[in-house]
Amino acid sequence: MQGTIATFDPDTRSGSLLLDDGTPLVFGPAAFERSGLRLLRLGQRVTIEPDESGAVRRVLIPGVA
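Per chain, the residues get numbers from 1 upward, laid out in the order the sequence is written. Totals for whole chains, interfaces and linings use every residue, but because this is a predicted model, local features are given only for residues with pLDDT of at least 70 and side-chain atom pairs only at 80 or more, for both listing and counting. Hydrogens and water are ignored here; the side-chain numbers use all heavy atoms of the structure.

## Observations regarding the pattern of salt bridges
Put simply, the rule reads: By salt bridge we mean one thing: a side-chain nitrogen of Lys or Arg within 4 Å of a carboxyl oxygen of Asp or Glu. Think of it this way: any DSSP run of H or I at least four residues long counts as a helix, any run of E at least two long counts as a strand, and we number them from the N terminus. Relative accessible area decides the class of each residue, using a 1.4 Å probe on protein chains only: under 20% of the type maximum gives buried, over 50% gives exposed, and in between gives partly exposed.
Inspection of the entire model under this criterion finds four salt bridges. For the salt bridge of Arg 45 with Asp 20, the shortest nitrogen-to-oxygen distance reads 2.7 Å. One end of the pair, Arg 45, is in strand S4 (residues 45–50); the other, Asp 20, is in the loop between strand S2 (14–19) and strand S3 (24–27), and 25 residues separate them in sequence. Taking the relative accessible area as the measure of exposure, Arg 45 reaches 33% and is therefore partly exposed. Each of Glu 49, Arg 57 and Arg 58 takes part in one network of salt bridges that share partners.

Encoded structure:
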């Protein structure tokens, strides 16, 4: 699934995004930490990896391994 970063707090390492269908989705610091990224920018395109319950497991930048 892909979306766009709506909010990101570098202090708490959590934020929210809007999926392409307009659905808002929140992610916590664990999902950000699993990404291996250092920062996310507002408006940045991301791919999310959901867990079994549909919660965000990992936030990734498309095309970046």
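## Considering the sheet that holds S2
Applied cut-off: Pairs of strands are assigned from DSSP output, requiring at least two bridges between the strands. Fitted lines through C-alpha atoms give the axes, limited to the stretch in contact for helices. The angle between two N-to-C directions lies from 0 to 180 degrees.
If you trace the five strands from one edge of the open sheet to the other, you get S3-S2-S1-S4-S5, paired in antiparallel fashion. Two strands in the sheet have a free side with no partner beyond their single neighbour: S3 and strand S5 (56–60). Neighbouring strand axes in the sheet, compared pairwise and without regard to direction, differ in orientation by 40° on average. Both S2 and S3 contribute to a ladder of four bridges, which runs antiparallel.

## A word on the side chain of Gln 44
This is how it is decided: Residues are treated as being in contact if the distance between any of their heavy atoms lies within 4.5 Å.
Relative to the helices and strands, Gln 44 is located in the loop between helix H1 (29–35) and S4. By relative accessible area, Gln 44 is classed as buried at 10%. Gln 44 has contacts with Gly 3, Thr 4, Ile 5, Leu 39 and Ile 61, leaving out every residue within four places of it along the chain.

## Here we look at the nonpolar core
This is how the line gets drawn: Grouping buried Ala, Val, Leu, Ile, Met, Phe, Trp, Tyr and Cys residues that are joined through side-chain atoms within 4.5 Å yields what is termed a nonpolar core.
Grouped together as the largest cluster of nonpolar side chains are 14 residues, with contacts concentrated most on Ile 5, Leu 17, Phe 27, Leu 40, Val 56 and Val 59. Going through the elements one at a time, strand S1 (2–9), S2, S3, H1, S4 and S5 are the ones with two or more residues in this core. Beyond its immediate sequence surroundings of up to four residues, Val 56 is in contact with Leu 25, Val 26, Phe 27, Ala 31, Ile 48 and Glu 49.

## A short note on the pairing of S4
The sheet contact formed by S1 and S4 spans three bridges and is antiparallel. By the bridge assignment for S4, Gln 2 is matched with Thr 47. As defined by bridge partners, S4 adjoins S5 across four bridges and the pair is classed as antiparallel. Note on S5: the bridge partner recorded for Thr 47 is Leu 60. Two successive antiparallel strands, S4 and S5, enclose a turn made up of five residues, where Gly 54 displays a positive phi of approximately 95°.

In short, geometric facts, not functional conclusions.
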